[in-house]
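Listed below, chain by chain, are the residues.
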Amino acid sequence: MTSILADSSKSMRTDRNTYVGNRFVHVKNPHLDSMDEDILYHLDLGTKTHNLPAMFGDVKFVCVGGSPNRMKAFALFIHKELDLEGNEEAIQDICAGSDRYCMFKTGAVLSISHGMGIPSISIMLHELIKLLYHAKCCDVTIIRIGTSGGIGIEPGSVVITDTAVDSFFKPQFEQIILDTVVTRSTELDKELAQELFNCSKEIPGFPTLIGHTMCTYDFYEGQGRLDGALCSFSNEKKLDYLQRAYEAGIRNIEMESTVFAAMCGLCGLRAAVVCVTLLNRLECDQINLPHEVLLEYQQRPQHLISIFIKKHLGQHRLK
Ligand SMILES: O=P(O)(O)O[C@@H]1C[C@H](O)[C@@H](CO)O1
Ligand SMILES: O=c1cc[nH]c(=O)[nH]1
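Residues numbered from 1 in each chain as written. Chains lettered and ligands numbered in written order. Predicted model: local features only at pLDDT ≥ 70, side-chain atom pairs only at ≥ 80, totals over all residues. Heavy atoms only, no water.

Some details on the overall build of the chain
- Along its length, the chain carries eight helices and 13 strands.
- Radius of gyration (C-alpha) of the chain: 20 Å, near the 20 Å computed for a compact globule of 319 residues.
- Seen through its C-alpha atoms, the chain measures out along the principal axes to roughly 55 × 55 × 35 Å.
- Here the chain, with 319 residues, has 52% of them falling under the buried criterion. (Helix = DSSP H or I, 4+ residues; strand = E, 2+ residues; numbered from the N terminus. Rg over C-alpha atoms; globule rule 2.2 N^0.38 Å. Buried < 20%, exposed > 50% of the residue type's maximum accessible area, 1.4 Å probe, protein only.)

So, the UniProt feature "domain: Nucleoside phosphorylase" (unreviewed entry) in the chain
- Following the UniProt record, one finds the feature "domain: Nucleoside phosphorylase" (unreviewed entry) at residues 60-309.
- Summarising residues 60-309: 34% helix, 27% strand, and an end-to-end C-alpha distance of 9 Å. (UniProt positions renumbered as here; feature names shortened; annotations may be inferred.)

A few points about the nonpolar core
- Counting 43 residues, the largest nonpolar core has Val 62, Leu 125, Leu 128 and Ile 142 as its most contacted members.
- Of all elements in the fold, only α2 (52-56), β4 (61-65), β6 (109-113), α4 (118-134), α7 (257-266) and β13 (270-280) reach the threshold of two or more residues within this core.
- With eight residues, α4 is the largest single contributor of residues to this core.
- Beyond its immediate stretch of four places on either side in the chain, Ile 142 contacts Val 62, Val 64, Leu 125, Leu 128, Phe 260, Cys 264, Leu 269, Arg 270, Ala 271 and Ala 272.
- Among the nonpolar cores identified, the runner-up in size contains 29 residues, and Met 71, Phe 74, Ala 272 and Leu 304 belong to it. (Core = buried A, V, L, I, M, F, W, Y, C linked by side-chain atoms within 4.5 Å. Contact = heavy atoms within 4.5 Å.)

Some remarks on the environment of Glu 247
- Mapped onto the secondary structure, Glu 247 falls in helix α6 (residues 235-247).
- On a C-alpha basis, the gap between Glu 247 and Cys 63 in space is 30 Å, while along the polypeptide they are 184 residues apart.

A short note on the packing of helix α5 (residues 190-200) against helix α8 (residues 291-312)
- The interhelical angle for the contact between α5 and α8, taken along N-to-C directions, is 105 degrees, at an axis separation of 9 Å. It follows that α5 is roughly perpendicular to α8 by the angle criterion. Seen from α5, the contacting residues are Leu 192, Glu 195, Leu 196, Cys 199 and Ser 200; seen from α8, they are Leu 304, Ile 305, Ile 307, Phe 308, Lys 311 and His 312. (Axes fitted to C-alpha atoms, helices over the stretch in contact; angles between N-to-C directions. Parallel < 35°, antiparallel > 145°, perpendicular 65-115°, else oblique.)

Quick notes on unusual backbone geometry
- With a phi angle near 70 degrees, Phe 169 is a residue other than glycine that sits in the positive phi range.
- Structurally, Phe 169 is set in the loop between β8 (158-165) and β9 (172-177).
- Phi angles above zero are rare outside glycine, and Leu 178 is one such case at about 55 degrees.
- Position of Leu 178 among the secondary structure elements: in the loop between β9 and β10 (180-185).

Examining the site of ligand 2
- In the region of ligand 2, the neighbouring residues are Thr 147, Ser 148, Gly 149, Phe 219, Gln 223, Arg 225, Ile 253, Glu 254, Met 255, Leu 279 and Ile 287.
- The backbone of Gly 149 places a nitrogen or oxygen atom 3.5 Å from an oxygen atom of ligand 2.
- In this structure, a nitrogen atom belonging to ligand 2 sits 2.9 Å away from a side-chain N or O atom of Gln 223.
- Relative to its unbound accessible surface of 240 Å², ligand 2 loses 93% to contact with the protein.
- Contributing elements (two or more residues each) for the shell around ligand 2: β7 (141-150) and β12 (250-254).
- By residue number, the principal contributor to the shell around ligand 2 is β7, which donates three residues. (Near = heavy atom within 4 Å. Polar contact = N/O pair within 3.5 Å; in protein donor to acceptor, adjacent residues only side chain to side chain. Areas by Shrake-Rupley, 256 points an atom, 1.4 Å probe, with all protein chains shown as cover.)

A short note on the confidence of the model for the chain
- A residue-level look at the chain finds 92% of positions with pLDDT of 70 or above and a mean pLDDT of 93.
- With pLDDT under 50 throughout, residues 1-10 is counted as low confidence; its partners more than four residues away or in other chains account for eight contacts.
- ipTM for the predicted complex: 0.99, alongside a pTM of 0.93. (pLDDT = per-residue confidence, 0-100.)

Things to note about the site of ligand 1
- Neighbouring ligand 1 are Gly 65, Gly 66, Arg 70, His 114, Met 116, Gly 117, Arg 144, Gly 146, Thr 147, Phe 219, Met 255 and Glu 256.
- The contact in question runs from an oxygen atom of ligand 1 to an N or O atom on the backbone of Gly 66, over 2.9 Å.
- At a separation of 2.7 Å, an oxygen atom of ligand 1 approaches a polar side-chain atom of Arg 70.
- Surface burial for ligand 1 is 86%, taken as the share of its 330 Å² of free accessible area covered by protein chains.
- Counting residues per element, the shell around ligand 1 draws most heavily on β7, at three residues.
- Within the shell around ligand 1, the residues separate by chemical class into three nonpolar, six polar and three charged. (Nonpolar A, V, L, I, M, F, W, Y, C, P; charged D, E, K, R; others polar.)

Have a look at this one:
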């Protein structure tokens, strides 16, 4: 696919990230200014129906992840960790009127689910970024806390992404706009990744590392699994691909990081991807860990992010 498109220069364009001084969340769409109202349909919010600056103007940290239950659990956890006022029952799903995504706010922290895969997170991010823009938010850090398949590392390890790459190991995301392929950078904030890694040193219970993350369009064939409903390659081909990925510096595979990095980078959000690995793909394809172990693994990125947020809010005591 890449080589065909590379020949057709008329249908390719490159979008570059631009970072602005004060880091207001910004949109890059001249049409929005002329709209009388902006309805954020999948979030069940809007500029006429809700006072977005009053509801969200103080947001400084946004955490996103695939599962609604995980993101609710994270909101409750961070509420407790930050010792915020109000009881847990007050933390209600702000998007309850839509059954696409869920959203919880506690203090300056917003926790949102994004479903599975690039199309799902991309829709959520368009509406979230517009929400933060309408709310006049500035200096916002956004972190994806997810799960992934590891390559050559112990299951339960946490990978902080330095670069998100596509299935060809390229640090780019190809967005098809009308009939044009627009190539966007998937660069993430290196300082933020390092800062998160430094926070991980305070948690002795599990290994954390910085590495490249591969983002695919599919969980089965797209990630070289032999156990899907369709498979046309051998075990040798699978292992050759994953081994080459490892040699290219890739340590885990998931399904959202490239579009996440591209969209956040273009709109002035400091972004990071922190995913726990559920298995070592050089050894197996099926996720066969007991439910309690999976739950504990999913809490690892949350624990790390809570230390990071507490540090930024001046609430963290060094051990
Ligand atoms: O945030 P989650 O844990 O949902 O991310 C990964 C990538 C896919 O969305 C999903 C596949 O199981 O898990
Ligand atoms: O192997 C895995 C595990 C979780 N998520 C993925 O995308 N792949």
